[in-house]
Amino acid sequence: MGRFVYVDNAATTAPAPEVIAEIDKAMSDIWGNPSSLHVKGREAKHALDNSRERISSKLGCSANELYFTSCGTESNNWALKGTMAMTQRKHIITSKIEHPAVLNTCKALEKNGCRVTYLNVDGDGVVDLAQLKNSITDDTAVVAVMMANNEIGTLEPIKEIAEIAHSKGALMFTDAVQAIGSIPVDVHELGVDMLSFSGHKMHAPKGIGGLYIKRGTRIANLIDGGGQERKFRSGTENLPYIMGLARAFELAYDRFDDIPRIIAMRDRLIDELTKIPYSRLNGHRTNRLPGNINISFEFIEGESLLLLLDMVGICISTGSACSSNSLEPSHVLLSIGLPHEKAHGSLRISLCHNNTEEDIDYIIEQLPPIVKRLRDMSPIYPGDNN
Ligand code: PLP
């Protein structure tokens, strides 16, 4: 068996052994329904409250400002649709580089009579604050800008955006699915009213997520039923995954002193891979997620690169996993000004604490010859010396 290097952590992460152990414990022992009044129910309710406390203490909010959902997508839908259902205001501001879980929710709201402004970003992927200031009005209900982009890793100035939103009485929502678990996040420091996150991006399983909703925020519930999550999100709580998520939060926040090592690996890869002719780094050079590398190689298709890397045991993405089954170039890369042909030859490498220097050595050994091989087959490649 050859080497296996998983560097697609922005798509999903391997569940941590400690998280799996916590889930196992819940599945075999703490399987009661938190709404039941007997001893098994009380035991489950206690574990639920305890998990909520453990997560909220990391996010810097109080436990009753935290709601569990099934995923980041649900949290994003809830934040936007729930907000628009409770206000007379009809305008939403978001950015052109949001995840489809925000963009398509905005499209659905447009069909229901809302007006949406999609902010431009600069060549590094940072949202245009001047355009935000010009487009926000007394009719703006919510400003939704992601904390870290899932494709190019660029970090957005959320604190400043929140101040601009609040100056017109609008709410501030940030999709922090890619940020939570990778960098320290404190909701009060950011000044946001709502913030979404997802378990599977931080070494917990798929199918669990959450939404921070600041106390006093007017938001409608999305799922009706038995009134769980303080009547805001019905459905019997997925306690095993909630307990696993709490453990994942603790592990992530305990591990932030590993960030400089991840940044050093990222920067080494960026330096080495951009030595390849006709390559370019996408996203900001330093103001990006610690583990994100996104590079375009002209004259090749990202998909061919992905398949050949897969054959030597390296797992990466082209653009984002969500758009990789479409032939359209990534909306994020087009928004930062890449022409179609460069956007097509892009790959995303996303590291986490599990990666080692040996992984980086292996990528540096394998990737350049594969790029060369693909270009040698290309009728339009002008050669390295041109
Ligand atoms: N938001 C961002 C920025 C993402 O990267 C993703 C997943 O890739 C999502 C939302 C959706 O999260 P989930 O997969 O938990 O629905």
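Any chance you could explain the environment of serine 56 here in plain terms?
Here serine 56 lies in helix α2 (residues 39-59). Under the relative-accessibility criterion, serine 56 is labelled buried at 2%. When the C-alpha atoms of serine 56 and glycine 125 are compared, they prove to be 30 Å apart, with 69 residues separating the residues in sequence. Residues in contact with serine 56, not counting those within four places in the same chain, are Cys61, Ser62, Ala63 and Leu66.

Even after reading the chapter, I still don't get the nonpolar core, so can you show me in this structure?
Here is a general trend for soluble globular proteins: nonpolar side chains tend to be buried in one another's company. Judged by nonpolar contacts, the single largest core of 67 residues is most densely connected at Ile180 and Leu195. The element contributing the most residues to this core is helix α8 (residues 239-254), with ten residues. Two domains share this core, each providing at least three of its residues, namely domain 1 (5-13 + 256-376) and domain 2 (17-254). For leucine 195, the residues in contact, after removing those within four places along its chain, are Phe173, Thr174, Ala176, Ile180, Val185, Val187, Leu190, Gly210, Leu211 and Tyr212. If you look at the next biggest cluster of nonpolar residues, it comprises 29 residues, including Leu309, Ile314, Ile364 and Leu374.

For this particular structure, what's the right way to read α2?
Note: α-helices contain 3.6 residues per turn, so residues at a spacing of three or four share the same orientation. With 21 residues, α2 extends 30 Å from end C-alpha to end C-alpha; this agrees with the ideal 30 Å at 1.5 Å per step. Every buried residue of α2 is listed here: Gly41, Ala44, Ala47, Leu48, Ser51, Arg52, Arg54, Ile55, Ser56 and Leu59. Looking at the buried side of α2, the elements it contacts are α1 (17-28), β2 (66-69), α7 (187-190), β7 (194-198) and α8. Looking at the residues trailing α2, positive phi occurs at glycine 60, about 80°.

For this particular structure, what's the right way to read the sheet that holds strand β5 (residues 140-144)?
Through backbone hydrogen bonds, the strands of a sheet pair up, either in parallel or in antiparallel fashion. Taken in spatial order, the seven strands of this open sheet run β2-β8-β7-β6-β5-β3-β4, and their pairing is mixed. Each edge of the sheet is formed by a strand with only one pairing partner; in this case those strands are β2 and β4 (115-119). Direction aside, neighbouring strands of the sheet carry axes that sit 20° apart on average. As defined by bridge partners, β5 adjoins strand β6 (residues 171-175) across three bridges and the pair is classed as parallel.

Explanation requested: the site of the ligand in the structure shown.
Close contacts around the ligand come from 13 residues, with Thr73, Asp175, Gln178, Ser198 and Lys201 the closest. Between the ligand and the protein, one listed contact pairs an oxygen atom with a backbone N or O atom of glycine 72 at 2.8 Å. With the chains in place, 90% of the 390 Å² that the ligand exposes on its own is no longer accessible. Of the residues contributing to the shell around the ligand, the split by class is three nonpolar, eight polar and two charged.

Explanation requested: the side chain of asparagine 282 in the structure shown.
Turning to its location among the elements, asparagine 282 is positioned in the loop between β9 (279-281) and β10 (292-297). A polar contact is formed between the side chain of asparagine 282 and the side chain of serine 296, at a distance of 2.8 Å. If we skip the residues at most four places from it in the chain, asparagine 282 touches Ile152, Arg288, Asn294, Ile295, Ser296, Leu333, Ile336, Leu338 and Ser346.

Just to check I follow, could you spell out the pairing of β7 for this structure?
Put simply, side chains in a regular strand alternate between the two faces of the sheet. Most of β7 is tucked away: five of the five residues are buried. With burial as the criterion, each face of β7 is covered, one bearing Met194, Ser196 and Ser198 and the other bearing Leu195 and Phe197. Two strands pair when backbone bridges link them, and β6 and β7 are joined in this way by three bridges, in the parallel orientation. Considered in β7, the bridge of aspartate 175 is made with serine 196. Pairing analysis gives five bridges linking β7 to strand β8 (residues 209-213), with the strands arranged antiparallel. By the bridge assignment for β8, phenylalanine 197 is matched with glycine 210.

Can you walk me through helix α13 (residues 357-376) in this structure?
The end-to-end C-alpha separation of α13 is 29 Å, in line with the 28 Å expected for 20 residues at 1.5 Å each. Those residues of α13 lying buried are Asp359, Ile360, Tyr362, Ile363, Ile364, Gln366, Leu367, Ile370, Val371, Leu374 and Arg375. On its buried side, α13 packs onto β1 (5-6), α9 (259-273), β10, α10 (302-311), β11 (314-315) and β12 (346-350).

I'm lost on the packing of α9 against α13 in this one. Help?
What describes two packed helices is the angle between their axes and the distance between those same axes. It is the contact of α9 with α13, at a shortest axis distance of 10 Å, that shows an interaxial angle of 10°. In terms of orientation, α9 and α13 fall into the roughly parallel class. Seen along the crossing, α9 lies across α13 with a hand that is right-handed. Contacts between α9 and α13 involve Met265, Arg268, Leu269, Glu272 and Leu273 from the former and Glu357, Ile360, Asp361, Ile363, Ile364 and Leu367 from the latter. Taken together, the residues that form the contact of α9 with α13 break down as seven nonpolar, no polar and four charged.

Thresholds, definitions, all that
Residues numbered from 1 in each chain as written. Predicted model: local features only at pLDDT ≥ 70, side-chain atom pairs only at ≥ 80, totals over all residues. Heavy atoms only, no water. Helix = DSSP H or I, 4+ residues; strand = E, 2+ residues; numbered from the N terminus. Buried < 20%, exposed > 50% of the residue type's maximum accessible area, 1.4 Å probe, protein only. Contact = heavy atoms within 4.5 Å. Core = buried A, V, L, I, M, F, W, Y, C linked by side-chain atoms within 4.5 Å. Domains from an automatic or database assignment. Expected span 1.5 Å × (residues − 1). Pairing = 2+ DSSP bridges. Axes fitted to C-alpha atoms, helices over the stretch in contact; angles between N-to-C directions. Near = heavy atom within 4 Å. Polar contact = N/O pair within 3.5 Å; in protein donor to acceptor, adjacent residues only side chain to side chain. Areas by Shrake-Rupley, 256 points an atom, 1.4 Å probe, with all protein chains shown as cover. Nonpolar A, V, L, I, M, F, W, Y, C, P; charged D, E, K, R; others polar. Parallel < 35°, antiparallel > 145°, perpendicular 65-115°, else oblique. Left-handed = near helix turned anticlockwise from the far one by under 90°.

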